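# Coordinate inspection notes
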Amino acid sequence: MKYFAALFLLPFLVLPAFADQFQSPTDKGTLLVSISTDPTKPVLGDLTKLKIDFINPKTNNIQEHIDYKVTVTKDGIPVFGPIPLTHTSEGAVTIPVQFKENGEHKIIVDIEGILFQPIPSETVTFTEVIDDASVKATDEDGSCIIATAAYGSELASQVQLLREVRDNVLFSTDSGTGFMHAFNALYYSFSPAVADAERQSPIFKETVKLAITPMLSTLSILNYVNIDSEGEMLGYGIGIILLNVGMYFVVPAIVISKIRNFRK
């Protein structure tokens, strides 16, 4: 990351549109933020991956261990986020965003910590112009609504875990992204009804919380491994699925079988 003296005092840097990749300093110049979209031209109604790298100005290398927030606004109104203060150990993140309207959107990145040390908030703002006339209607909003209802807040550590696995692990590979597209088509067909039932019944809420705890434990593994290829993503993904199948189906079946044999 390099300092740009002429831009050092600008509180926000606004650009007309993304190229394949663009770098800009934060308003105080401590970091350089590199951002791009995948696809390069977002499509309305589809998930667009915002790829963000945090660059050290002295070494021009990725700066690890950054605490950040991301907000997307249109006409000054938030349409995504702000996400809770999130930590990236790698200094590079991929965030799925769904653009639902044509027009100018501002992507605001706030940085509040470096190397586990809080800093006064620094900001950089980019502009993405959406001009795709083909709209795909969808109710997906990128939220973990069942877990949010179970734990009572989007700020809950369990919800944050799910968000980090989705954004930083699954969306980092094509196979993970493909899985999320297929999963979301199923998930959002029933999750609103489940979330409503949780809000109406404390007993059901606690039951759901208990039921998803083993899954959260297995998914947390993905935050502690390095996935650098499609093969590794598939390997870990299949392993996590098999582990959950074992916990939710095989182990209960064995226990039930032993209980029946004991009673005979």
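Structure: see above.
Below or above, wherever it landed, is the structure these notes cover. The shown structure was predicted, so the numbers you read here are calculated from the model rather than taken from an experiment. (Residues numbered from 1 in each chain as written. Predicted model: local features only at pLDDT ≥ 70, side-chain atom pairs only at ≥ 80, totals over all residues. Heavy atoms only, no water.)

## So, the packing of helix α4 (residues 202–219) against helix α5 (residues 230–263)
- In the contact formed by α4 and α5, the axes pass within 10 Å of each other and the chain directions differ by 150°. With respect to α5, the axis of α4 lies roughly antiparallel. The two elements α4 and α5 meet at a crossing, and its hand is right-handed. Seen from α4, the contacting residues are A211, I212, P214, M215, T218 and L219; seen from α5, they are I240, L243, N244, M247 and Y248. (Axes fitted to C-alpha atoms, helices over the stretch in contact; angles between N-to-C directions. Helix = DSSP H or I, 4+ residues; strand = E, 2+ residues; numbered from the N terminus. Parallel < 35°, antiparallel > 145°, perpendicular 65-115°, else oblique. Left-handed = near helix turned anticlockwise from the far one by under 90°. Contact = heavy atoms within 4.5 Å.)

## A word on the side chain of Q63
- Take Q63: it is sitting in the loop between β3 (47–55) and β4 (66–74).
- One polar contact links Q63 to N56, side chain to side chain, over a distance of 2.7 Å.
- Those residues in contact with Q63, other than ones at most four positions away along the chain, are L31, F54, I55, N56, G91, I114 and L115. (Polar contact = N/O pair within 3.5 Å; in protein donor to acceptor, adjacent residues only side chain to side chain.)

## Points about the packing of aromatic side chains
- Scanning the model with the defined rule gives one aromatic pair in all.
- Between F54 and Y68 the ring centres are 5.6 Å apart and the planes differ by 40°, which places this aromatic pair in the tilted class. One end of the pair, F54, is in strand β3; the other, Y68, is in strand β4, with 14 residues separating them in the sequence.
- Residue classification places Y68 among the buried positions, given a relative accessible area of 2%. (Phe/Tyr/Trp six-rings, centres within 6.5 Å; stacked < 30°, edge-to-face > 60°. Buried < 20%, exposed > 50% of the residue type's maximum accessible area, 1.4 Å probe, protein only.)

## Some details on the nonpolar core
- In terms of nonpolar packing, the biggest core is built from 25 residues, with A147, Y151, L162, I212, L216 and L222 touching the most fellow members.
- Within the residue set of this core, elements represented by two or more residues are α1 (145–151), α2 (157–169), α3 (174–200), α4 and α5.
- Excluding its chain neighbours within four sequence positions, the residues that come into contact with Y151 are A156, Q158, K209, I212, T213 and L216. (Core = buried A, V, L, I, M, F, W, Y, C linked by side-chain atoms within 4.5 Å.)

## Some details on the pattern of salt bridges
- Scanning all chains against the criterion turns up eight salt bridges.
- With its nearest N and O atoms 3.8 Å apart, the salt bridge here joins K28 to D27.
- For R199, the salt bridge is made with D196, and the minimal N-O distance between the two is 2.7 Å. Highlighted residues: R199 and D196, both in helix α3, separated by three residues, approximately one helical turn.
- Here the salt bridges do not stand alone but share partners, grouping D38, K49 and K51 into one network. (Salt bridge = Lys/Arg side-chain N within 4 Å of Asp/Glu carboxyl O.)

## Focus on a nonpolar patch on the surface
- On the surface, a cluster of nonpolar side chains totalling about 760 Å² of accessible area is made up of I221, I241, L243, V245, M247, Y248, F249, V250 and I254.
- Topologically, L243 is positioned in helix α5.
- For L243, a relative accessible area of 39% puts it in the partly exposed group. (Patch = residues over 30% accessible without salt bridge, like charges linked within 9 Å, V, L, I, M, F, W, Y side chains within 5 Å. Areas by Shrake-Rupley, 256 points an atom, 1.4 Å probe, with all protein chains shown as cover.)

## Things to note about the packing of α2 against α4
- Running from amino to carboxyl end, α2 crosses α4 at an angle of 45°, the nearest separation of the two axes being 10 Å. Relative to α4, α2 is oriented oblique. Judged by the twist between their axes, the crossing of α2 over α4 is left-handed. Along the contact surface, α2 presents Q158, L161, L162 and V165, while α4 presents M215, L216 and L219.
- In the contact of α2 with α4, the residues fall into six nonpolar, one polar and no charged. (Nonpolar A, V, L, I, M, F, W, Y, C, P; charged D, E, K, R; others polar.)

## Describing a negative patch on the surface
- Judged by side-chain charge, E64, E90, D228 and E232 come together as a negatively charged surface patch.
- With respect to the helices, strands and loops of the structure, E232 is situated in helix α5. (Lys, Arg positive; Asp, Glu negative; His and termini not counted. Charge placed at Lys NZ, Arg CZ, Asp CG, Glu CD.)

## Side note on the pairing of β4
- Counting buried positions over the nine residues of β4 gives eight, a clear majority of the element.
- Direction of pairing for β4 relative to strand β8 (residues 103–114): antiparallel, over a ladder of nine bridges. The partner of T73 across the bridge, within β8, is K106.
- Between β4 and strand β5 (residues 77–80), which pair antiparallel one after the other, the connecting turn spans two residues, and D75 there sits at a positive phi close to 55°. (Pairing = 2+ DSSP bridges.)

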